[in-house]
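The primary structure of each chain is shown beneath.
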Amino acid sequence: MKKLILAAVFAASTSLSAQASDTVMIGEPSWPGAKIIANLIKVVIEEKLGGQAELVPGTNPVIFAAMDGGRGDIDVHPDVWLPNQKSLTDEYVDGKGTVGLSSGAYEGRSGFCVPSYIADEHNVKSVYDLATPEAQALFDTDGDGKGEIWVGASGWASTNVHKVKARDYGIETFLEPGTEDETVFYAKLKDVVSQKKGAVFYCYKPHYVHALYDVTMLEEPPHDPENYTIVQPDADADWYDKSKITTGDSVKSVRIAHSKSLEERAPEAAKLLANMALNSDDVSAWTFEVVVNGKEPEDVVKAWVAENGKAVDAWLGIK
């Protein structure tokens, strides 16, 4: 009997060790909020589940394709903006059924922003105020005779949306769309704002820029699905010509995605990811601490986890 008990204990401990050793690979997109949420997931898996997790940089299509593969190359996308990434969720969540989304979501809003001194002093309040010769001169920071507008970083689904907007609102005639890395653009923005010069750029909430500077989100026509057609490059090589947007974005629903293969390989981690529910105020606060105050993402989220035990317990299904 004693031998049987010891054998059972050994088998159970071996099973638990195998589960704990199955490292969860968390995708890490380039924008600050996604990086911080990726760290949050890592901390909870390691501190609360006793598991292992690693961060893997990647773009949206790469992360979704890896989750679809189910081999553990990348298991998690921490910050899925819908409908921006709808073509990916249509394929992998609704179509193939290889990726799952969290039940909880936080709200996101996106559009174009200018420093508020530009909105007030030059009466730039609407996206249509960007499609003028006056805007061309106001937003010409490099002296080439044409203004500039940052539409986001390469690889973001939202960047393609705002490229189309710049064309269909008539902005592109006067302002050249730019797609440099976010950190590069915000370094330039700091100098522009310090000199009270013109800048217009893709912006979204939650984001630290709203705490860092006084900015105004420009008015757009209310969202109308009939006048909002976006085809992403992963769906059609002629995506740009087949897209047409003459209306503002809908309010975003931002969720966490995970490979369904985790439900077999690391079931407790899969349960956590399915249950996680964040809010935009927390995400904004985290990004401000990291980007503006220079704190490490892991330190910021560890402090939050320590102070918000009830919220984390709810994700883990602990009552």
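Bear in mind that the values here come from a model prediction, so they are computed numbers and not experimental data.

> Can you lay out the packing of aromatic side chains for me, pointing to particular residues and giving the numbers?
A full pass over the atoms with the stated rule returns 17 aromatic pairs. Between tryptophan 150 and phenylalanine 185, the ring centres sit 4.5 Å apart and the planes meet at 5°, which makes this aromatic pair stacked. Of the two residues, tryptophan 150 is situated in strand 6 (residues 147-150) and phenylalanine 185 in helix 8 (residues 182-194); the sequence distance between them amounts to 35 residues. For phenylalanine 185, a relative accessible area of 8% puts it in the buried group.

> I'd love a proper account of the pattern of salt bridges, names of residues and values included.
Scanning the model with the defined rule gives 17 salt bridges in all. For aspartate 22, the salt bridge goes to arginine 265, with nearest N and O atoms at 3.3 Å. Taken together, the residues span a long stretch of sequence, with aspartate 22 in the loop between helix 1 (2-21) and strand 1 (24-28) and arginine 265 in helix 11 (residues 262-265) at a distance of 243 residues. Using a relative accessible area of 23% as the deciding quantity, one classes aspartate 22 as partly exposed. In this structure, lysine 252 engages aspartate 249 in a salt bridge whose closest nitrogen and oxygen atoms are separated by 3.2 Å. Through salt bridges that share partners, Lys165, Glu220, Asp249 and Lys252 make up one connected network.

> Can you explain the pairing of strand 12 (residues 252-259)? Please cite residues and give values.
Burial of strand 12 is extensive: six of the eight residues sit out of reach of the surface. Note: strand 3 (residues 76-82) against strand 12, five bridges, orientation antiparallel. Each bridged residue has a counterpart across the sheet, and for valine 76 the counterpart in strand 12 is histidine 258. As defined by bridge partners, strand 4 (residues 99-101) adjoins strand 12 across three bridges and the pair is classed as antiparallel. Bridge pairing links glycine 100 to histidine 258 in strand 12.

> Lay out the nonpolar core with the relevant residues and their values.
Leu40 and Phe201 are the most contacted members of the largest nonpolar core, which has 73 residues in total. The leading source of residues in this core is helix 2 (residues 32-48), at nine residues. Leaving out residues up to four positions away in the same chain, leucine 40 has contacts with Met276, Leu278, Trp286, Val301, Trp304, Val305 and Trp315.

> Residue-level account of the side chain of glutamate 182, with values.
Structurally, glutamate 182 can be placed in helix 8. Here glutamate 182 occupies a buried position and makes no salt bridge, while the nearest side chain of opposite charge, lysine 35, is found at 8.7 Å. With sequence-adjacent residues up to four places away left out, glutamate 182 is seen in contact with Trp31, Pro32, Trp150, Ala153, Trp156, Tyr204 and His207.

> Tell me what's going on with unusual backbone geometry, and back it up with residues and numbers.
Here leucine 82 and proline 83 are connected by a cis peptide whose omega angle stands at 15°. Looking at the element boundaries, proline 83 is found in the loop between strand 3 and helix 4 (86-95). A cis amide bond links lysine 205 with the next residue in sequence, proline 206, at an omega value of 5°. Of note, proline 206 is situated in the loop between strand 8 (201-205) and helix 9 (209-212). We note that asparagine 123 has phi near 55°; this positive angle belongs to a residue other than glycine.

> I'd love a proper account of the packing of helix 3 (residues 60-69) against helix 4, names of residues and values included.
At a minimum axis separation of 11 Å, helix 3 and helix 4 run at an interaxial angle of 0°. Overall, the two elements helix 3 and helix 4 adopt an arrangement that is roughly parallel. Residue-level contacts link Asn60, Pro61, Phe64, Ala65 and Asp68 of helix 3 to Leu88, Thr89 and Tyr92 of helix 4. Split into classes, the residues belonging to the contact of helix 3 with helix 4 amount to five nonpolar, two polar and one charged.

> Summarise the environment of serine 87; cite the residues concerned and give the values.
Following the sequence through the fold, serine 87 ends up in helix 4. Contacts of serine 87, omitting those with residues within four sequence positions, involve Gln232 and Asp234. Only 3.5 Å separates the side chain of serine 87 from the side chain of aspartate 234, close enough to count as a polar contact.

> How would you summarise the packing of helix 2 against helix 14 (residues 297-307) if you had to cite specific residues and measurements?
Interaxial distance between helix 2 and helix 14 falls to 9 Å at its minimum, and their mutual angle equals 55°. Considering the angle they form, helix 2 stands oblique to helix 14. Crossing angle aside, the handedness with which helix 2 passes helix 14 is right-handed. The segment helix 2 lies against helix 14, with Ile36, Asn39, Leu40, Val43, Val44, Glu47 and Lys48 engaging Pro297, Glu298, Val301, Lys302, Trp304 and Val305. Among the residues forming the contact of helix 2 with helix 14, the class breakdown is eight nonpolar, one polar and four charged.

About the thresholds
As a convention, each chain's residues are numbered from 1 in the sequence order in which they are written. In keeping with the predicted nature of the model, local features appear solely for residues at pLDDT of at least 70, side-chain atom pairs appear and are counted solely at 80 or more, and the whole-chain, interface and lining totals rest on all residues. Hydrogens and waters are ignored; side-chain quantities use all the structure's heavy atoms. Any two of the Phe, Tyr and Trp rings considered here, Trp counted by its six-membered ring, make a pair once their centres fall within 6.5 Å; the pair's planes then place it as stacked at under 30 degrees, edge-to-face at over 60, or tilted in between. For the purposes of this entry, the term helix denotes a DSSP run of H or I that reaches at least four residues, the term strand denotes a run of E that reaches at least two, and both are numbered from the N terminus. Type-normalised accessible area, obtained with a 1.4 Å probe on protein chains alone, sets the label of each residue: buried when under 20%, exposed when over 50%, and partly exposed for intermediate values. Take a side-chain nitrogen of Lys or Arg and a carboxyl oxygen of Asp or Glu: if they are within 4 Å of each other, that pair is a salt bridge. Here a strand pair is declared whenever DSSP counts at least two bridges between the two strands. Only buried residues count toward a nonpolar core, which is a set of Ala, Val, Leu, Ile, Met, Phe, Trp, Tyr and Cys residues joined through side-chain atoms within 4.5 Å. The contact definition used throughout considers only heavy atoms, calling two residues in contact when any of these lie within 4.5 Å. Only four residue types enter the charge count: Lys and Arg as positive, Asp and Glu as negative, with His and the chain ends excluded. Axes here mean lines fitted to C-alpha atoms, for a helix over just the part in contact, with angles spanning 0 to 180 degrees between N-to-C directions. Working rule for angles: under 35 degrees goes down as roughly parallel, over 145 as roughly antiparallel, 65 to 115 as roughly perpendicular, anything else as oblique. Throughout this entry, Asp, Glu, Lys and Arg are counted as charged residues, while Ala, Val, Leu, Ile, Met, Phe, Trp, Tyr, Cys and Pro are counted as nonpolar. The remaining residues, Gly among them, count as polar. The definition of a polar contact used here is a pair of N or O atoms within 3.5 Å, where within protein one atom must be able to donate a hydrogen and the other to accept one, and adjacent residues in sequence count solely through side-chain atom pairs. Helix crossings get a hand from a simple test, with the near helix turned counterclockwise from the far one by less than a right angle marking a left-handed crossing and a clockwise turn marking a right-handed one.

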